[in-house]
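Chain residues, written in single-letter form:
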Amino acid sequence: TLSGKTALVTGSTSGIGLGIARTLAAEGANVLLNGFGDAGEIAQLQKDLASEFGIKVDYHHADMSKPDQIEAMIAYAGEKFGGVDILVNNAGIQYVANIDEFPVEKWDAIIAINLTSAFHTTRLVLPRMRANNWGRIINLASVHGLVASAGKSAYVAAKHGLIGLTKTTALETASTGITANAICPGFVLTPLVQKQVDDRAAKDGISNEEAKKALLADKQPSHEFVTPEELGAMAVFLCSEAARQVRGVAWNMDGGWVAQ
Ligand code: NAD
């Protein structure tokens, strides 16, 4: 059980982050949500999580591309919860174009949100984790932290970088009760991937269902999407005492993507 612990999950108003926040809440952790979305829906989400799992839930609006807002969020976590015990760096965006056509501002945004934000959150939560001699840092990388795909230069570079940051964090905390690891999902059907499904359907003149099958057939041998709940279960294991010697790994849950 994670009761008494506080988890900050960045980008948890949607998709994988929301799935992981729910799974950690189900284990008894208090949760600080973050991410964009409709204020009313986010308030409802807070209420639902708190009543379903009997935990404390709060929300901070920090834009993960802005270091000063990240600092404000970690300070808020300190005021509201006494600090962060479990940090899940999940916020991320995607943009697909070949390098010679890649918009420079998209490159900068992807590196800031998918990579640099994790440096800021990590540096800001470590002092408290060190003081407690306990902490869990889980970075949502991707199979694209391990292998590349054409058209995803910024994303692949950011995710490879995030795995590098994970390994360094693990080494710097290796003799403590703090662990740092990365999770590398294959395709998960969230809004981030639905956009790629839509683009595929438009490009090939096929239906939504056919485009999902085509996307999976290209890369994911199981021909099935990974789910946020399955990723949540992996995060719960990484938070457990049994996982205390799992340090600096990049674990894929990818329907066989990287086995090929
Ligand atoms: P999603 O679009 O469903 O959710 C992204 C979340 O991040 C949302 O809550 C959004 O509001 C938030 N976010 C985006 N920009 C932000 C910013 N600047 N500041 C704060 N929050 C911001 O996407 P998802 O598929 O759930 O992706 C979550 C993570 O998992 C990402 O890091 C992504 O790269 C990674 N991932 C996804 C897949 C997949 O197939 N969906 C596969 C591998 C890795």
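What counts and what doesn't
The numbers attached to residues start from 1 for each chain and follow its sequence in the written order. Totals for whole chains, interfaces and linings use all residues, but because this is a predicted model, local features are given only for residues with pLDDT of at least 70 and pairs of side-chain atoms are given and counted only at 80 or more. Each side-chain value is derived from all of the structure's non-hydrogen atoms; neither hydrogens nor water enter the calculation. As defined here, a cavity is a set of points on a 1 Å grid over the protein atoms alone where a 1.4 Å probe fits but cannot get out. A pocket is an open set with protein on both sides within 12 Å along at least five of seven lines, and residues line them when an atom is within 4 Å of a point. Grid points are joined across faces, edges and corners, and a volume is the space filled by probe spheres set on the points. Secondary structure elements are taken from DSSP: a helix is a run of H or I of four residues or more, a strand is a run of E of two residues or more, and numbering for both begins at the N terminus. Charged means Asp, Glu, Lys or Arg here, nonpolar means Ala, Val, Leu, Ile, Met, Phe, Trp, Tyr, Cys or Pro, and polar covers whatever is left, Gly included. Each domain's extent was defined by an automatic or database domain assignment. It only takes one pair of heavy atoms within 4.5 Å for two residues to be counted as in contact. A simple way to read buried area is as the amount of 1.4 Å-probe accessible surface that goes missing from two parts once joined, with both sides added. A side-chain nitrogen of Lys or Arg and a carboxyl oxygen of Asp or Glu constitute a salt bridge if their distance falls within 4 Å. Whenever a nitrogen or oxygen atom comes within 3.5 Å of another N or O atom, the pair is scored as a polar contact, on the condition that within protein one atom can donate a hydrogen and the other can accept it, and that pairs from neighbouring residues in sequence are kept only if both atoms are in side chains. Put simply, two rings from Phe, Tyr or Trp (the six-membered ring, in Trp's case) pair if the centres are within 6.5 Å, and we call them stacked under 30 degrees between planes, edge-to-face over 60, tilted for the rest. Relative accessible area decides the class of each residue, using a 1.4 Å probe on protein chains only: under 20% of the type maximum gives buried, over 50% gives exposed, and in between gives partly exposed.

Draft legend 1. Inspection of empty space enclosed by the protein at higher detail. On inspection of all chains with the given rule, the structure shows 1 cavity of 30 Å³ or more. Within this model, the largest cavity holds a volume of roughly 60 Å³. Lining the largest cavity, in full, are Thr10, Asn89, Asn90, Ala91, Ile113, Asn114, Ser117, Ala118, Leu140, Lys159 and Leu162. Breaking the lining of the largest cavity down by element, the ones donating at least two residues are α4 (104–132) and α5 (153–172). Looking at the lining of the largest cavity, the element that brings in the most residues is α4, giving 4 residues. When its residues are assigned to classes, the lining of the largest cavity shows 5 nonpolar, 5 polar and 1 charged.

Draft legend 2. Structural view of the domain arrangement of the protein. Under the domain assignment, the protein is made up of domain 1 (6–186 + 226–250) and domain 2 (189–225). Computed from C-alpha atoms alone, the centre-to-centre distance between domain 1 and domain 2 is 25 Å. On the side of domain 2, 9 residues touch domain 1, which itself brings 12 residues to the contact. Between domain 1 and domain 2, the buried area comes to about 670 Å², and carbon and sulfur atoms account for 53% of it. It is Gln94, Ser149 and Val226 in domain 1 that bury the most area against domain 2; as a group they hold 44% of the surface buried on that side. Linking domain 1 with domain 2 are 0 salt bridges. Linking domain 1 with domain 2 are 2 residue pairs in polar contact (both at pLDDT 80 or more), by the criterion used here. Each residue belonging to the side of domain 1 that touches domain 2 can be placed in one class, and the counts come to 4 nonpolar, 7 polar and 1 charged.

Draft legend 3. Spatial organisation of the packing of aromatic side chains. Scanning the entire structure with this criterion turns up 3 aromatic pairs. Plain terms: the ring middles of Phe187 and Trp257 are 4.9 Å apart, the flat faces sit at 55° to each other, and that makes the pair tilted. Separated by 70 residues along the polypeptide, Phe187 in the loop between β6 (178–185) and α6 (191–204) and Trp257 in the segment after β7 (250–253) bring together distant segments of the chain. The same class applies to Phe187 as to Trp257, namely buried. Centroid distance Phe237 to Trp251: 6.1 Å. Interplanar angle 20°. Geometry classified as stacked.

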